[in-house]
Amino acid sequence: MIVAFITRAIMQAIPLLYGSTGEIITEKSGHLNLGTAGVMYVGGICGVIGAFMYETHTSSFNSVLAVLVPLLASVLGSAIMGLIYAILTVTLRANQNVTGLALTTFGVGFGNFFGGSLIKLSGNTEIPSIALSNTSNAFRTTLPFADKLGVIGKLLFSYSFLAYAAIIIAFIATYYFNHTRSGLHLRAVGESPATADADGINVSAYKYGATIIGSVIAGLGGLYYVMDYANGVWSNDGFGDRGWLAIALVIFAIWRPNIGIIGSFVFGGLFIIHNYIPGLSMGAQEIFKMAPYVVTILVLIIVSTRKKRENLPPASLGLSYFREER
Amino acid sequence: MPVPAIELRNISKSFGSIAANKNINLTVNRGEILSILGENGSGKTTLMNMICGIYFPDHGQIFIDGKEVVIRSPRDSFEYKIGMIHQHFKLVDVFSAAENIILGMEDTGKYNLKKSIEQIKKISEEYGFDIDPNKKIYEMSVSEKQTVEIIKVLYRGADILILDEPTAVLTPQETDKLFTVLRKMKENGKSIIIITHKLHEVLSISDKVSVLRKGEYIGTLITKETNESQLTEMMVGKKISLDIDRSEPEGCEDRLVVENLNCTNSDGIKTLDSVSFTAKSGEILGIAGIAGSGQKELLESIAGLQKFDSGEIVYNNPKTGKADNLKGKTPLQIRELGVRLSFVPEDRLGMGLVGNMDITDNMMLRSYRKGKTAFLKRGAPKKLAEKVVSDLEVVTPGIGTPVRRLSGGNVQKILVGREIAFAPTVFMAAYPVRGLDINSSYLIYNLLNEQKENGVAVIFVGEDLDVLLELCDRIMVLSSGSVTGIVDAKNTTKEELGILMTKNSKGGYGDEQ
């Protein structure tokens, strides 16, 4: 049962990891995108739309295309969300919090609208959901030798490619921040845009880039949730509050994607642990569901009492930058 | 004639309707140090920002090595090997020195911090800097941060260095060290422009001095052929008669006695150093000084808004005849005693008025505690608002207009009107006429005079020496947080004030903690 718990926790963790890695990249440029929940929602529904179109319009089902079409649709959808956020907050210098919250509301509504439409199109009137089992199967293709290795195989190799991609992306992001010139520039933009500007760094370009790439990565979390975790079944509001949990994970990870990997496993475990403790009453279950947020609050307390400068959020997070402001 | 390293011709720049620079001309040759001298607000920093690509000039030409260039961004200025050390350091706090130094460089090849660190060490050895490239900026002292800034421009291979008030934050020993480095750079053929308003530094370091005043170019002198008084005169200008009415002070009593006030800011730098003075009732005490010499800290200490390290502020209460020590009193208690602070110019709205609220509501900000019920009574404040608007000729569509939408001068009038309405006994005004037209300025002068005739002790912080000389009875001069003199306004000259303002106080800033 422990093996089942761990694999389930990791599957639970992957969407959070995508969300938090994407959000960290965006926040490193000084932009707090509270629209992440909406972006992940859009990433999910766009993948579903892509898959639905492919499944209904193709006569010969090709697994590679079945993965590529939803993947591209998802990337495109979340990139547009990121672009909207960037235009509003970077170019028009709108309030980041308000913009982010608006995007979340918009993204959830967008997802539910198209989710509802697709459910209607599929003619499934009894259960209000849409199942894309063929696409999901393509997404969930695992390594062939995973089954032969027993427990280790199940623990380490039983996941789909998107799960490994999440971890690899998190490591790449960490390496990018700390070991590349461009990563240094991005961090400078988020810490002190005036400094970056005076040093000849194109502040707006970095902000746009970080917001859009961050959104695309976050959107993949939504795609993973639908295609892997939910076995290709889309039901409205099924994604729940994972987007917010991803933002909480950013704080837990103190803005480091590599810590985010472990953090996402912890969060994933805490998120479902109530299912694995026998004999819990409804009330006790709800208390366990609060665990990830309690842990986030504890991390915030610890980080802010230790006051190590490297562990604080980027210094200009949430602030707009305009060069000739006096 | 050698071709100048950098030459500016007729450079102008305006912000809105305010001209920050008008037809400025400058030349600097290789191996030469040029000082730019001017009071605050004379346009020095704006001018330098145009050379390094932060601002773009409205008119005029810039020549580098005799060729006309267009500098549109900081990146362009690097291309022409211009490096600027900003007054407010542009460094990323959580980065190490080395990371800051290489920031923005588009080197070809791999990102290699180790190689960069070696090069930084080489530069440090050449010029005698003592710096740990791996140390984080937030762990550094002010002078270390400045060193990082200097290495940064050298690392980029800058040939023209611009330093904006580099000594403002340094101890005298650190200043000497900096000057040694600058002389070495000069020997290496670099061109250096240094902005400062400390005359003795100008005389000791520079080859040429260019003077700016109120955005205008006054002239350039060879340092060896000039002296302090000539430079002061160029900096402050000839005396202009303003015809401000000044009545003889009457019934003077010691109202506010400040003794040995000391104050330190968050960087550990002394902002007030043993300041002692007496403000008398029925008199206007002027405070002169280069901006940032401690004026703000002094007024805020008196108003109870700023904690000070040591010293006494004693208020002689005319109602009770008792002497109250203001130390340890809350701003509210101090205000109740009749000590009023108005006009903090950098933040006129933030400190005194709420921009989105209308005139009536802003009047209520001072009186809401007087209400007896939980509900607001708008009657009295509304009358006060109407009175202020009509008495002070505030131009506004109505008293229901948000203060934010009024012009600066009218905002100023509302603030002064409200504070005066509460019959203060000590009235402090900092830069009350900044940004006002002539008529509005005179209105404010008359209001201050009226207060003085009513027996109020008025403290007036000003920047225009002509105004200070004609409006005030006595003038106290602050320089780097210490009092360099208290003079009788009727028997002093502009030059004397100028010299006091730029005088190096006994120890300069204290050593850092």
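The rules behind the values
- Residues numbered from 1 in each chain as written.
- Chains lettered and ligands numbered in written order.
- Predicted model: local features only at pLDDT ≥ 70, side-chain atom pairs only at ≥ 80, totals over all residues.
- Heavy atoms only, no water.
- Helix = DSSP H or I, 4+ residues; strand = E, 2+ residues; numbered from the N terminus.
- Rg over C-alpha atoms; globule rule 2.2 N^0.38 Å.
- Buried < 20%, exposed > 50% of the residue type's maximum accessible area, 1.4 Å probe, protein only.
- Areas by Shrake-Rupley, 256 points an atom, 1.4 Å probe, with all protein chains shown as cover.
- Patch = residues over 30% accessible without salt bridge, like charges linked within 9 Å, V, L, I, M, F, W, Y side chains within 5 Å.
- Salt bridge = Lys/Arg side-chain N within 4 Å of Asp/Glu carboxyl O.
- Lys, Arg positive; Asp, Glu negative; His and termini not counted.
- Charge placed at Lys NZ, Arg CZ, Asp CG, Glu CD.
- Contact = heavy atoms within 4.5 Å.
- Pairing = 2+ DSSP bridges.
- Axes fitted to C-alpha atoms, helices over the stretch in contact; angles between N-to-C directions.
- Polar contact = N/O pair within 3.5 Å; in protein donor to acceptor, adjacent residues only side chain to side chain.
- Parallel < 35°, antiparallel > 145°, perpendicular 65-115°, else oblique.
- Left-handed = near helix turned anticlockwise from the far one by under 90°.
- Nonpolar A, V, L, I, M, F, W, Y, C, P; charged D, E, K, R; others polar.
- Phe/Tyr/Trp six-rings, centres within 6.5 Å; stacked < 30°, edge-to-face > 60°.
- Lys NZ or Arg CZ within 6 Å of the ring centre and 35° of its normal.
- Buried area = accessible area lost by both parts, 1.4 Å probe.
- Domains from an automatic or database assignment.
- Core = buried A, V, L, I, M, F, W, Y, C linked by side-chain atoms within 4.5 Å.

**So, the overall build of chain A**
Next up, step 1: A count of helices and strands for chain A gives 14 helices and 2 strands.
Next up, step 2: A compact globule built from 326 residues should have a C-alpha radius of gyration of about 20 Å, and chain A, at 20 Å, falls within 12% of that.
Next up, step 3: The proportion of buried residues among the 326 residues of chain A is 51%.
Next up, step 4: Just so you have it, chain A exposes about 14200 Å², and 69% of that area is on carbon and sulfur atoms.

**Details of a negative patch on the surface**
Next up, step 1: The grouping of B:Asp243, B:Asp245, B:Glu250, B:Glu450 and B:Glu453 at the surface amounts to a negative patch.
Next up, step 2: Secondary-structure assignment places B:Asp243 in the loop between helix H8 (228–236) and strand E11 (254–264).

**A look at the pattern of salt bridges**
Next up, step 1: Counted under the stated rule, the structure contains 19 salt bridges over all chains.
Next up, step 2: A salt bridge links B:Glu216 to B:Lys22, with the shortest nitrogen-to-oxygen separation between them at 3.3 Å. With B:Glu216 in strand E10 (residues 216–222) and B:Lys22 in strand E2 (residues 18–28), this pair connects stretches of sequence that are 194 residues apart.
Next up, step 3: Through salt bridges that share partners, A:Asp199, B:Lys152 and B:Arg156 make up one connected network.

**Here's the deal with the side chain of A:Thr89**
Next up, step 1: Tracing the chain through its elements places A:Thr89 in helix H3 (residues 63–91).
Next up, step 2: Among all residues touching A:Thr89, those that are not within four sequence positions of it are A:His31, A:Ala94, A:Asn95, A:Gln96, A:Thr99 and A:Ser320.

**Quick look at the pairing of strand E18 (residues 457–461) of chain B**
Residue and element names in this part refer to chain B.
Next up, step 1: Most of E18 is tucked away, with 5 of its 5 residues classed as buried.
Next up, step 2: Here E18 shows two buried faces, one formed by Ala 457, Ile 459 and Val 461 and the other by Val 458 and Phe 460.
Next up, step 3: As judged from the 5 bridges shared by strand E13 (residues 283–288) and E18, these two strands associate in the parallel manner. Of the residues in E18, the one forming a bridge with Ile 287 is Val 461.
Next up, step 4: As judged from the 5 bridges shared by strand E17 (residues 426–430) and E18, these two strands associate in the parallel manner. Bridged to Phe 427 within E18 is Val 458.

**Points about the sheet that holds strand E15 (residues 323–325) of chain B**
Residues and elements named next belong to chain B.
Next up, step 1: As summarised here, the arrangement of the 4 strands in space is E12-E11-E14-E15, forming an open sheet in which the pairing is antiparallel. The open sheet has two edge strands with one neighbour each: strand E12 (270–280) and E15. Pairwise comparison of adjacent strand axes, ignoring direction, gives a mean angle of 20 degrees for this sheet.

**Here we look at the side chain of B:Ser77**
Next up, step 1: Looking at the secondary structure, you find B:Ser77 in helix H2 (residues 74–79).
Next up, step 2: A distance of 3.4 Å separates the side chain of B:Ser77 from the backbone oxygen of B:Cys52, its partner in a polar contact.

**A few points about the environment of B:Met428**
Next up, step 1: Turning to its location among the elements, B:Met428 is positioned in strand E17.
Next up, step 2: A residue is classified by how much of its surface remains accessible, and B:Met428, at 0% relative accessible area, is buried.

**Some details on the packing of helix H1 (residues 2–28) of chain A against helix H11 (residues 242–252) of chain A**
Residues and elements named next belong to chain A.
Next up, step 1: The N-to-C vectors of H1 and H11 enclose an angle of 60 degrees; their axes lie 8 Å apart at closest approach. Classified by the angle between their axes, H1 and H11 sit oblique to one another. The crossing of H1 and H11 is right-handed. Counted together, Gln 12, Leu 16, Leu 17, Gly 19, Ser 20, Glu 23, Ile 24 and Glu 27 of H1 and Arg 242, Leu 245, Ala 246, Ile 247, Leu 249 and Val 250 of H11 form the full contact between these two elements.
Next up, step 2: Along the lines of polarity and charge, the residues of the contact of H1 with H11 split into 8 nonpolar, 3 polar and 3 charged.

**Quick look at the packing of aromatic side chains**
Next up, step 1: For the coordinates displayed, the defined rule picks out 15 aromatic pairs over all chains.
Next up, step 2: When the ring of A:Phe5 is compared with that of A:Tyr276, the centres are 5.1 Å apart and the planes differ by 65 degrees; the resulting orientation is edge-to-face. Of this pair, A:Phe5 sits in helix H1 while A:Tyr276 sits in the loop between helix H12 (257–272) and helix H13 (282–289), and the two are 271 residues apart along the sequence.
Next up, step 3: Take A:Tyr276: its relative accessible area is 21%, and that puts it in the partly exposed class.
Next up, step 4: Here B:Tyr442 and B:Tyr445 contribute two aromatic rings whose centre-to-centre distance is 5.5 Å and whose plane-to-plane angle is 75 degrees, an arrangement assigned as edge-to-face. Residue B:Tyr442 and its partner B:Tyr445 are located together in helix H15 (residues 438–453), separated by 3 residues, close to a single helical turn.
Next up, step 5: Assessed through its relative accessible area of 24%, B:Tyr442 is described here as partly exposed.
Next up, step 6: An aromatic cluster is present here, built from A:Tyr41, A:Tyr225, A:Tyr229, A:Trp234 and A:Phe239 joined pairwise through their rings.
Next up, step 7: We note B:Arg9 situated over the ring of B:Phe63; from NZ or CZ to the ring centre the distance is 4.0 Å.

**Considering the interface of chain B and chain A**
Next up, step 1: Taken together, the 33 residues of chain B in the interface contact 22 residues of chain A.
Next up, step 2: Surface buried jointly by chain B and chain A totals about 2400 Å² across both partners, of which 54% is contributed by carbon and sulfur atoms.
Next up, step 3: Linking chain B with chain A are 3 salt bridges, by the criterion used here.
Next up, step 4: For A:Asp199, the salt bridge is made with B:Lys152, and the minimal N-O distance between the two is 2.8 Å.
Next up, step 5: Linking chain B with chain A are 4 residue pairs in polar contact (both at pLDDT 80 or more), by the criterion used here.
Next up, step 6: The greatest single-element share of the side of chain B that touches chain A, amounting to 3 residues, is contributed by H2(B).
Next up, step 7: Taken together, the residues of the side of chain B that touches chain A break down into 15 nonpolar, 6 polar and 12 charged.

**Examining unusual backbone geometry**
All names here are of chain B.
Next up, step 1: Its identity is not glycine, yet Asn 23 carries a phi of approximately 45 degrees, on the positive side.
Next up, step 2: Structurally, Asn 23 is set in strand E2.
Next up, step 3: On the basis of relative accessible area, Asn 23 is assigned to the partly exposed category, the value being 45%.
Next up, step 4: In the Ramachandran plot, Lys 81 falls in the positive-phi region, its phi being about 60 degrees despite a non-glycine side chain.
Next up, step 5: With respect to the helices, strands and loops of the structure, Lys 81 is situated in the loop between H2 and strand E6 (82–85).

**Describing the domain arrangement of chain B**
Accessible area lost during the coming together of the parts is what is often quoted as the interface size.
All names here are of chain B.
Next up, step 1: Along its sequence, chain B is carved into domain 1 (4–236), domain 2 (250–340 + 423–513) and domain 3 (353–422).
Next up, step 2: On a C-alpha basis, the centres of domain 2 and domain 3 stand 26 Å from each other.
Next up, step 3: The interface of domain 2 with domain 3 comprises 16 residues on the first partner and 12 residues on the second.
Next up, step 4: Where domain 2 touches domain 3, the interface holds 0 residue pairs in polar contact (both at pLDDT 80 or more).
Next up, step 5: Counting residues per element, the ones that place at least two in the side of domain 2 that touches domain 3 are helix H10 (331–336) and H15.
Next up, step 6: Partitioning the side of domain 2 that touches domain 3 into residue classes produces 11 nonpolar, 2 polar and 3 charged.

**Overview of the nonpolar core**
Next up, step 1: Counting residues in each nonpolar core, the largest one holds 114 residues, and the members touching the most others are A:Val48, B:Leu182 and B:Met185.
Next up, step 2: Residue contributions to this core peak at 12 residues, all from helix H10 (residues 203–229) of chain A.
Next up, step 3: Apart from residues no more than four positions distant in its own chain, B:Met185 is found in contact with B:Tyr127, B:Ile150, B:Leu154, B:Leu161, B:Lys190 and B:Ile192.
Next up, step 4: In this structure, B:Val388, B:Ile420, B:Val433 and B:Leu469 belong to the second largest nonpolar core, which totals 45 residues.

**Digging into a nonpolar patch on the surface**
Residue and element names in this part refer to chain A.
Next up, step 1: Taken together, the side chains of Leu 76, Ile 80, Leu 83, Ile 84, Ile 87, Leu 88 and Leu 92 present a nonpolar region at the surface, about 590 Å² in accessible area.
Next up, step 2: With respect to the element layout, Ile 84 can be found in helix H3.
Next up, step 3: The partly exposed category is assigned to Ile 84, whose relative accessible area is 33%.

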